[in-house]
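Each chain, letter by letter, is given below.
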Amino acid sequence: MKRTNTSRVPLYAFVAFTLVMFAFPAEAHLNNTGMGLFYDGLMHFLMSPEDIVPVLALALWSGLRGAAYGRRALFTLPVAWLIGGFLGLSTVNAVAHPIIAAAWFLQLGGLLAADAKLSLRVTTALAALLGLYHGYLNGMGMGQPMSAVVVLLGLVFAIFVLVALAAAFVVRLHAQWARIAVRVAGSWIAASGLLMLGWAVRAR
Amino acid sequence: MGHPGFTFIGARYLGVLVIVALWSQNAVAHPQKGEAVGFLTGFRHPISGFDHVLAMVAVGLWGAQLGAPAIWLLPVAFPMVMAFGGMLGLMGVPLPGTEYGIALSAILLGCAVLFELKPPLGVAAALVGFFAIFHGHAHGTELPPGQSALLYSMGFVVATGCLHALGIGIGTVHRWRWGQSLLRCAGGLVAIGGAFFMWKAFA
């Protein structure tokens, strides 16, 4: 019975991952959902693969490392993202460097693929750095501060939910093949980062 | 006692449901040219060449024959090595004899499956990794202009991984005697296909 209870979790995790991988292109301007700024921010994150994939990689990796790591990422990342967003509000032009984006894919995907056993402190630092950098980019050029705060809150809420779901799924995986499936996802993310890196160098 | 079970199952469904619900398409007033099709173009690229498909599936078949840990090491390592080759191609780093390397990979991997060769894991990984660079390089130099680098790359890698998964999926028949024979036949077909592409490369 126990086997029956846990056997479908990896399947759902895979379905969730596949769906998230089908995110649509990022755009410089916010998506207009028609439901207000909060949902515009939420949708902006969900429609930005350059944001969502590193977050997913961090969530899966911290989930692989255990519940304590998952919890740390769950709270550190959104808070850092929000702080980064506030810092970015004072800047006008958004300059997202493609090589840095590729480096995030490569680093977090590689850590996930290798199931790297880094300390909780390093994991926290990585989550904070990721949040600050991407939050800063999101905050840039958002326009009026008051409306931007609501957008940022929606965005951070989406991050919190995604990290909670992804890390919680992985924390409960115990079967070796299921954990390997998660690591394969990491290798795919890192491989995408390598290609993006080549692309960025070619474009220079 | 029944409630915890219900909560457990309900939470799983709820998790998937939330993601599905959030996965809605946006209305794009000003679509950026090339990006909308980036993922699909990238996804189609690895499966557009039959020589690549043969080799990718053969990696999965061989992994299934070799069993653990090769069955999971190869799918984890291969996409990254192949992407490394793709990165070299994108950067313009030349790699001579790419077409021959690709055809040779199908021949050797097909033969490995045909004869059910079981070398040490390091040898198998090195062989697969070596040829992965040729496959990645070929893709890297053929990338069409005007695509979104991020989405194209993701589509490309996901398609490659799916081909491996296909090979591993087919390879699960290895547990039966008839399945072992079937896999060896498939390996023979891959090797013949590789020989054909080698002949074409020389012609």
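One numbering rule holds for all chains: residues counted from 1, following each sequence as written. Here the convention is simple: chains get letters from A, ligands get numbers from 1, in the order in which they are written. Restriction of local features to residues with pLDDT of at least 70 applies here, the model being predicted, together with a cutoff of 80 or more for giving and counting side-chain atom pairs; totals for whole chains, interfaces and linings are based on all residues.

1. Re the overall build of chain A
Under the convention used in this document: Counting from the N terminus, the helices are the DSSP runs of H or I reaching at least four residues and the strands are the DSSP runs of E reaching at least two.
Per the secondary structure count, chain A includes nine helices and zero strands. Beginning at the N terminus, the succession of helices and strands in chain A can be written as α-α-α-α-α-α-α-α-α.

2. What to know about the packing of helix H4 (residues 49–65) of chain A against helix H6 (residues 98–114) of chain A
Pairs of packed helices are described in terms of their axes, by the angle between the two and the distance that separates them. All names here are of chain A. Test applied: Only the stretch in contact is used when a helix axis is fitted, and all axes are lines through C-alpha atoms; the angle between N-to-C directions ranges over 0 to 180 degrees. An angle counts as roughly parallel when it lies under 35 degrees, as roughly antiparallel when it exceeds 145, as roughly perpendicular when it falls between 65 and 115, and as oblique in every other case. Each crossing is labelled by how the near helix is turned from the far one, with a counterclockwise turn of less than a right angle marking it left-handed and a clockwise turn marking it right-handed. Throughout, a pair of residues is in contact if the C-beta atoms placed from their backbones lie within 7 Å. Three classes are used, and their members are as follows: Ala, Val, Leu, Ile, Met, Phe, Trp, Tyr, Cys and Pro are nonpolar, Asp, Glu, Lys and Arg are charged, and the others, Gly among them, are polar.
At a minimum axis distance of 9 Å, the contact between H4 and H6 shows a crossing angle of 20 degrees. Considered as vectors, H4 and H6 are oriented roughly parallel to each other. Two packed elements cross with a definite hand, and for H4 against H6 that hand is left-handed. Packed against H4, whose contacting residues are Glu-50, Val-53, Pro-54, Ala-57, Leu-58, Leu-60, Trp-61 and Leu-64, the element H6 presents Ala-101, Trp-104, Phe-105, Leu-108, Gly-109, Leu-111 and Leu-112 at the interface. Of the residues belonging to the contact of H4 with H6, the class tally is 13 nonpolar, one polar and one charged.

3. Observations concerning helix H7 (residues 120–139) of chain A
The condition is simple: For a helix, the expected span equals 1.5 Å multiplied by the number of residues minus one. To sort residues by burial, count the other C-beta atoms lying within 10 Å of each one's C-beta; a count of 20 or more means buried, 12 or fewer means exposed, and anything in between means partly exposed. C-beta atoms are built from the backbone.
Counted at 1.5 Å a residue, the expected span for H7(A) with its 20 residues is 28 Å, and the 28 Å between its end C-alpha atoms agrees. Those residues of H7(A) not exposed but buried are Thr123(A), Leu126(A), Ala127(A), Leu130(A), Gly131(A), Leu132(A), His134(A), Gly135(A), Tyr136(A), Leu137(A), Asn138(A) and Gly139(A).

4. Overview of the packing of helix H3 (residues 50–66) of chain B against helix H8 (residues 177–202) of chain B
Residues and elements named next belong to chain B. The N-to-C vectors of H3 and H8 enclose an angle of 150 degrees; their axes lie 10 Å apart at closest approach. Taken as axis vectors, H3 and H8 run roughly antiparallel relative to one another. The interaxial crossing formed by H3 with H8 has left-handed handedness. On H8, the residues that touch Asp-51, Leu-54, Ala-58, Leu-61 and Gln-65 of H3 are Leu-183, Ala-186, Gly-187, Val-190, Gly-193, Gly-194 and Phe-197. Here the residues of the contact of H3 with H8 sort into seven nonpolar, four polar and one charged.

5. Concerning unusual backbone geometry
Here the phi dihedral of Asp115(A) falls at roughly 50 degrees; this positive angle occurs in a residue that is not glycine. Here Asp115(A) lies in the loop between H6 and H7. Owing to 15 C-beta atoms within 10 Å, Asp115(A) belongs among the partly exposed residues under this scheme. Phi at Glu116(B) takes a positive value of approximately 50 degrees, unusual for a residue other than glycine. Its place among the elements puts Glu116(B) in the loop between helix H5 (98–114) and helix H6 (121–141).

6. Examining the environment of Cys162(B)
Structurally, Cys162(B) can be placed in helix H7 (residues 149–171). When the C-alpha atoms of Cys162(B) and Gly63(B) are compared, they prove to be 14 Å apart, with 99 residues separating the residues in sequence.

7. Comments concerning the confidence of the model for chain A
Residues and elements named next belong to chain A. Using the following cut-off: A score between 0 and 100, pLDDT records how confident the predictor is in each residue.
Looking at chain A as a whole, its pLDDT mean stands at 83, while 79% of the residues score no less than 70. When the criterion is pLDDT under 50, residues 1–5 qualifies, and its contacts beyond four places in sequence or with other chains add up to one contact. Across residues 23–28, where pLDDT falls below 50, the model places 17 contacts with residues more than four positions away in sequence or in other chains.

8. Remarks on the confidence of the model for chain B
Residues and elements named next belong to chain B. Per-residue confidence for chain B gives a mean pLDDT of 79; residues scoring 70 or more make up 80%. At the low end of the mean pLDDT range in chain B sits helix H1 (residues 2–22), at 56; at the high end sits H5, at 90. Per-residue pLDDT stays below 50 along residues 1–6; that stretch engages in zero contacts with residues further than four places along the chain or on separate chains. Confidence drops under a pLDDT of 50 for residues 25–36, and excluding neighbours within four residues, the segment shows 15 contacts in the predicted structure. The complex prediction reports pTM at 0.76, with the ipTM value standing at 0.71.

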